[in-house]
Amino acid sequence: MNQALSQSQQQELMRDMENNQLKESLSLYNRVVDQCVRECVTGFKSKRLDSYEVPCVENCSAKLFSATARVGQRFAEIQAQKATQQQN
């Protein structure tokens, strides 16, 4: 942490970062549900998904979570490269 911040400021900053991370996780979950339901669910005839909808939703959500993880990983790689370049 930045030494210019007091202990209480550092704790508040960490809480804010954790809250932002939680909000982003919930937002991702909601986007995945929205997109996969629109793509896979053909109707609401019953409270259960039909035999086609279950694998479609599973595949859709797996793809979206995998893509999101890859984007996050790539972003971290780029940030690490930039940090290394700034140190040189």
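Relevant structure appears above.
This text gives an overview of the structure that appears in the document. (Residues numbered from 1 in each chain as written. Predicted model: local features only at pLDDT ≥ 70, side-chain atom pairs only at ≥ 80, totals over all residues. Heavy atoms only, no water.)

## Some remarks on helix 1 (residues 7-40)
Step number 1: Here helix 1 is 34 residues long and its end C-alpha atoms lie 49 Å apart, about the 50 Å a rise of 1.5 Å per residue gives.
Step number 2: Buried-residue contacts for helix 1 involve helix 2 (53-87). (Helix = DSSP H or I, 4+ residues; strand = E, 2+ residues; numbered from the N terminus. Expected span 1.5 Å × (residues − 1). Contact = heavy atoms within 4.5 Å.)

## As for helix 2
Side chains that are three or four residues apart share a direction in an α-helix, a result of its 3.6 residues per turn.
Step number 1: Between its terminal C-alpha atoms helix 2 stretches 51 Å, which fits the 51 Å expected from 35 residues at 1.5 Å a residue.
Step number 2: In this structure, the buried residues of helix 2 make contact with helix 1.

## Focus on the nonpolar core
Step number 1: Ranked by size, the top nonpolar core spans 6 residues in total: Leu28, Val32, Cys36, Cys40, Cys56 and Cys60.
Step number 2: Only helix 1 and helix 2 provide two or more residues apiece to this core.
Step number 3: Element by element, the count of residues in this core is highest for helix 1, at 4 residues.
Step number 4: Filtering out sequence-adjacent residues up to four positions away, Cys60 remains in contact with Cys36, Glu39 and Cys40. (Core = buried A, V, L, I, M, F, W, Y, C linked by side-chain atoms within 4.5 Å. Buried < 20%, exposed > 50% of the residue type's maximum accessible area, 1.4 Å probe, protein only.)

## Considering the pattern of salt bridges
Step number 1: Applying the stated criterion across every chain, the model contains 4 salt bridges.
Step number 2: Close ionic contact of Glu24 with Arg31 constitutes a salt bridge, the shortest N to O distance being 3.5 Å.
Step number 3: Its relative accessible area of 43% is what places Arg31 among the partly exposed residues.
Step number 4: Salt bridges sharing partners connect three or more residues here, namely Arg70, Arg74 and Glu77. (Salt bridge = Lys/Arg side-chain N within 4 Å of Asp/Glu carboxyl O.)

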